[in-house]
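Descriptive analysis of the structure
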Amino acid sequence: EVLLKTAPHLVRSLMLTVPVYGDRSRPYWKIWAGMILYDIFSFDKTHPGRRMLPGKTIRQVFRHLDTEDLSGGAQYYDAQAAYAERLCWENILAAKEAGATVLNYAEVTQLHVENNRVTHLTCRDEASDTEFTIKGSANAVVLNTSGPWVDLVCDRAAEKSVSKSRKMGGTKGSHIVVDSFPGAPESALYVEAKTDGRPFFIVPWLGMYLIGTTDLPYKGDLDRIKADDSEIDYLVTETNNIIPAARLTRESVKFTYSGIRPLPYAEGKAPGSITRRHILHDHTKEGANNLISLIGGKLTTYRHVGEEMVDLAYKKMGKAAPPCPTYDAPLPGAILADDDRITDAVDRYSDRVSMETVYYLYELYGSRAADVLARTDDAPELAEKITPELIDIKAQIVYAAESEMAETMLDINRRRTTIAMKSCYGLQTLDTLAEVLMKYCGWNQEKCDRQKVEYRTYMELNCIPDYAISKGRVAKNWQLSGDKVVPVTVDR
């Protein structure tokens, strides 16, 4: 509800349907009771209330669902942040506008602890490979919100007692992205796998479908996290089990991504049984009384967790926390429903970009889409598409590098836009990115060549399925030829 008000351009209502299957699901009456409680605890929500679907009704409405032992279903409304990276960026931007110093590609290499306090941090600027120091005031509080990397940051404390106990025990979750398929639902499905009962989602997402997630123990390299072939096969199989008409295969997969849930360490517990509640860990007993580490937390609760951490920081400084503004304050790109700037932009830029592109940019950037479009005033060629099959334009490349702290091609294609996830892993755009970045952003040929290699390496290590690489083909709309990507023509 908060995000629907503060980030209406990035967060949209989403209806979820929960099919109920005999013995492999919770009983119909329990789902019904849960839906009632859901409405009671969210009595002031703006979404419509829940509704139950008896067996005959759900079979009629969702005709492609597996009907074996299908006893009914439930529907309720939540919301979706399709551009999660944009939501993160706008919080960074809001902090910067409020006076925060924001550092990109700055790695903490050492926490210096003296007299039971973290006195300063040694950091490394990865872009320039130089070190620098951050010092706080006498009563400064250090917040370690590095997610799955919390323990690694604590290990860099000079006072080793800070890291004497393991705090993180994250589990791996993987997703696949596919095009629309026969029987694909118009709304999101929350279903339980036919083989093992694990819950997963089939969600409409940017004109495609996002399917996931898995939940596996993980002890590997946190910088090299990839959907295993077995995870991909599991999600494909279970989707086909729920929607038999789908007939998805490995070749249906357009993109994969994985992450590590920053869950508390719980020796011997099954991944699904580890608490999803967050913990604010005070390191006072470990020799650092001004250090707080966040264990757990997730995107949907980030604002509330942030408020808790700031309140605790003020308490440790012996001060009263001021009222929290983030409950109501709109994020920088927020646009209200009655705002007419989008139609004005359509009229102003109709000679350069399509109406579809204008609406897309305002969905992605909110009110700041005007700054993106303004790049085309003096350079009309920046209104051209980056790649023929997508509507992203070259001005977005310049805007990301100049105004959004993008340092790499990966930043631009994967973290400031969703180009990488929508077509060919973004590999077919690298020459265009290089051309624009050299002409408008001061990049040189050597940097662009290096970035292309790093981009391809990242995609192979983190996103492109291993089975696709081994076969020399990673998707139906592009193929590998030696060390180059040769896109297959996409007829739209």
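Everything discussed here concerns the structure shown above.
First things first, this report covers the structure right here in the doc. (Residues numbered from 1 in each chain as written. Predicted model: local features only at pLDDT ≥ 70, side-chain atom pairs only at ≥ 80, totals over all residues. Heavy atoms only, no water.)

Inspection of the entire model under this criterion finds five aromatic pairs. Summarising the aromatic geometry, the rings of tyrosine 190 and phenylalanine 201 are spaced 5.0 Å apart at their centres and angled 65 degrees between planes, so their arrangement reads as edge-to-face. In this pair, tyrosine 190 sits in strand β9 (residues 188-192) while phenylalanine 201 sits in strand β10 (residues 199-205), placing the two residues 11 residues apart along the sequence. Seen from the ring of tyrosine 458, arginine 415 lies directly overhead, with NZ or CZ sitting 5.9 Å from the centre. Directly above the aromatic system of tryptophan 443 lies the positively charged group of lysine 447, at a separation of 4.0 Å from the ring centroid. (Phe/Tyr/Trp six-rings, centres within 6.5 Å; stacked < 30°, edge-to-face > 60°. Helix = DSSP H or I, 4+ residues; strand = E, 2+ residues; numbered from the N terminus. Lys NZ or Arg CZ within 6 Å of the ring centre and 35° of its normal.)

A few words now on the pairing of strand β4 (residues 106-114). By the bridge criterion, eight bridges tie β4 to strand β5 (residues 117-125) in an arrangement that is antiparallel. Residue pairing in the sheet places leucine 111 in a bridge with leucine 121 of β5. Connecting β4 to the antiparallel partner β5 that follows it, the hairpin turn spans two residues, and asparagine 115 within it adopts a positive phi of roughly 50 degrees. (Pairing = 2+ DSSP bridges.)

The next subject is the environment of glutamate 363. In this fold, glutamate 363 is placed in helix α9 (residues 355-365). On the basis of relative accessible area, glutamate 363 is assigned to the partly exposed category, the value being 28%. As for glutamate 363 and proline 8, which are separated by 355 residues in sequence, their C-alpha atoms are 9.3 Å apart. Among all residues touching glutamate 363, those that are not within four sequence positions of it are His9, Leu10, Arg12 and Tyr83. (Buried < 20%, exposed > 50% of the residue type's maximum accessible area, 1.4 Å probe, protein only. Contact = heavy atoms within 4.5 Å.)

With that out of the way, let us pick up the state of the cysteines. Evaluated as defined, the whole model comprises zero disulfides. The thiol of cysteine 154 is unpaired, and the distance to the nearest cysteine sulfur, on cysteine 123, comes to 15 Å. Judged by its relative accessible area of 1%, cysteine 154 is buried. (Disulfide = S-S within 2.5 Å.)

A separate point is the sheet that holds β4. Strand order across the open sheet formed by three strands is β4-β5-β6, with antiparallel pairing between neighbours. Strand pairing shows two members of the sheet lacking a second neighbour, β4 and β6 (130-135), which therefore form its edges. Going from strand to strand, the sheet's axes swing by 25 degrees on average, the running direction of each strand aside. Two strands pair when backbone bridges link them, and β5 and β6 are joined in this way by six bridges, in the antiparallel orientation. The partner of aspartate 125 across the bridge, within β6, is threonine 130. (Axes fitted to C-alpha atoms, helices over the stretch in contact; angles between N-to-C directions.)

Looking now at helix α7 (residues 302-316). The end-to-end C-alpha distance of α7, which contains 15 residues, comes to 21 Å, matching closely the 21 Å that a straight helix rising 1.5 Å per residue would cover. Within α7, the full set of buried residues consists of Arg303, Val305, Met309 and Ala313. Each buried residue of α7 lies within a common arc of 160 degrees when the element is viewed along its axis, so the set occupies one face. Buried residues belonging to α7 abut α1 (2-6), β7 (142-144), β14 (279-282) and β15 (291-295). Immediately beyond the C-terminal end of α7, within one or two residues, lies glycine 318, with a positive phi of roughly 75 degrees. (Expected span 1.5 Å × (residues − 1). Arc of directions from axis to C-beta.)

Among the nonpolar cores identified, the biggest contains 90 residues, and Phe181, Met409 and Met459 are the most heavily contacted of them. In terms of residues, this core owes the most to one element, α9, which gives six residues. Not counting residues up to four positions away in its chain, the partners in contact with methionine 459 are Phe255, Leu410, Ala420, Tyr425 and Ile464. Formed by 15 residues, the second largest nonpolar core is a distinct cluster that contains Leu111, Leu121, Val162 and Ile295. (Core = buried A, V, L, I, M, F, W, Y, C linked by side-chain atoms within 4.5 Å.)

A few words on a nonpolar patch on the surface. A contiguous nonpolar patch, built from Leu37, Ile40 and Phe41 and spanning about 350 Å² of accessible area, is present on the exposed surface. Looking at the element boundaries, isoleucine 40 is found in helix α2 (residues 28-41). (Patch = residues over 30% accessible without salt bridge, like charges linked within 9 Å, V, L, I, M, F, W, Y side chains within 5 Å. Areas by Shrake-Rupley, 256 points an atom, 1.4 Å probe, with all protein chains shown as cover. Salt bridge = Lys/Arg side-chain N within 4 Å of Asp/Glu carboxyl O.)

Here three strands make up an open sheet; going across it, the order is β7-β15-β14 and the pairing mixed. Looking at strand neighbours, the two that pair on one side only are β7 and β14, the edges of this open sheet. Taken pair by pair, the neighbouring strands of this sheet meet at an average axis angle of 25 degrees, ignoring direction. Where β7 meets β15, three bridges bridge the pair, whose relative direction is parallel.

It is worth spelling out the environment of proline 217 at this point. Structurally, proline 217 is set in strand β12 (residues 216-217). Sequence separation between proline 217 and alanine 95 is 122 residues, and the spatial gap between their C-alpha atoms is 34 Å.

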